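# A structural walkthrough
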Amino acid sequence: MTTHAISAARPATALTLAFTAMLGVGILWMAGHAQAAALHDAAHDVRHATGFPCH
Amino acid sequence: MRRTTSVTRPASPATEAMFPRLLTSALIAGAGAGLLAALLQLIFVQPLLLQAELYETGQLTHFGADGSPAGSLRFAGIDPLRDGLTVVFSMLVYCGYALILVALMALAEMRGAGVDARRGILWGVAGFVVAQMAPAVSLAPELPGSLAGEVEARQVWWFACVISAAVALWLIAFGRSWPAWAAAVVLLLAPHLWGAPMPEAFGGPVPPELAALFAARVLGVGLAVWAVLGVLAGALWNGERDG
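Heads up: these notes are all about the structure in this document. Everything quoted here is computed from the prediction, not taken from an experiment. (Residues numbered from 1 in each chain as written. Chains lettered and ligands numbered in written order. Predicted model: local features only at pLDDT ≥ 70, side-chain atom pairs only at ≥ 80, totals over all residues. Heavy atoms only, no water.)

Time to look at the pattern of salt bridges. In a structure, side chains of opposite charge can pair up when their charged atoms sit close to one another. Scanning the entire structure with this criterion turns up four salt bridges over all chains. Put simply, R82 of chain B and D45 of chain A hold a salt bridge, and the shortest N to O gap is 2.7 Å. Note that R82 of chain B is positioned in helix α3 (residues 80-110) and D45 of chain A in helix α2 (residues 37-50), a pairing that runs across two chains. The salt bridge involving E142 of chain B is made with R154 of chain B; its shortest N-O contact spans 2.5 Å. Linking E142 of chain B in the loop between α4 (117-138) and α5 (151-174) with R154 of chain B in helix α5, this pair joins segments that are 12 residues apart in sequence. A single salt-bridge network, built from bridges that share partners, covers D45 of chain A together with E53 and R82 of chain B. (Salt bridge = Lys/Arg side-chain N within 4 Å of Asp/Glu carboxyl O. Helix = DSSP H or I, 4+ residues; strand = E, 2+ residues; numbered from the N terminus.)

What follows is the structure, encoded as structure tokens:
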């Protein structure tokens, strides 16, 4: 029964998980990789100290 | 008929308003780990960055016959704007990682794996391997002033390496067959056999001693922070699911 409950909800759950992970990727891209000058300067030390390619 | 029963049944904890619970666990874990990261970086990593910038801007050079003074690599005090931005962006970066981590924990849990604080350590160490150790093997953490390949090419390689390492570790942890494990080995090795973008020549202005210490510290701090992120995410997701 539990299996059926999960399988009925699977598309919505999968979408929720995918959306959550993509939100994380978006934040990482913005904070860690986007090359816009203001972002780059503000995040400079963190980018170096986290091992991201910086400049 | 069966389907009707399952739908009329109260939604299981796995389905009911999942997004707010994912978000709460991830943001609290990410903020905590990000604060710790900022603190460790300010003490152990930023002094090396500041020292490297003196070489990058030409205020110090190390090619003289007598070398150059090692200088102070100790915490040099607070610069409110610069250090404040470090705290903010550190929290952002680890919140980003935490969102991905908690989503994967929830997925693993739906497939039968247990998630709690203790097992969270394993998740955290795996996250460190994926996001820091794997790319660092071919693209070592760089000090300002280090010579390096084109930044766009390095970013593409970085993402490719991190994604393939993530898939590889998932296959190692949850794969149940030799082909899955073999694919994991291929995925772990491929980005490094392909090779990361390199500078055309070596010879940056920053002393290699400083660059080596920096790379080691970045990885050490990264491991500590990721282990804590894993514990926090595991504990919080465990609590959110049961609560």
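Picking up where we left off.
Formed by 61 residues in total, the largest nonpolar core has its most connected members in V93, Y94, Y97 and L229 of chain B. Contributing elements (two or more residues each) for this core: α1 (2-33) and α2 of chain A together with α2 (18-56), α3, α4, α5 and α7 (208-242) of chain B. When we break this core down by domain, the ones giving at least three residues each are domain 1 (18-144 + 208-242) and domain 2 (149-198) of chain B. In this structure, Y97 of chain B is in contact with L28 and F52 of chain A together with A131, W158, W226 and L229 of chain B, ignoring residues within four places of it in sequence. (Core = buried A, V, L, I, M, F, W, Y, C linked by side-chain atoms within 4.5 Å. Buried < 20%, exposed > 50% of the residue type's maximum accessible area, 1.4 Å probe, protein only. Domains from an automatic or database assignment. Contact = heavy atoms within 4.5 Å.)

Tallying the contact residues gives 36 residues for chain A and 46 residues for chain B. If you sort the residues of chain A by the area they bury against chain B, L17, D45 and P53 of chain A come out on top, with a joint share of 15%. Across the contact surface, chain A and chain B share one salt bridge. Taken together, the links from chain A to chain B amount to six residue pairs in polar contact (both at pLDDT 80 or more). Looking at the side of chain A that touches chain B, the elements with two or more residues in it are α1 and α2 of chain A. (Buried area = accessible area lost by both parts, 1.4 Å probe. Polar contact = N/O pair within 3.5 Å; in protein donor to acceptor, adjacent residues only side chain to side chain.)

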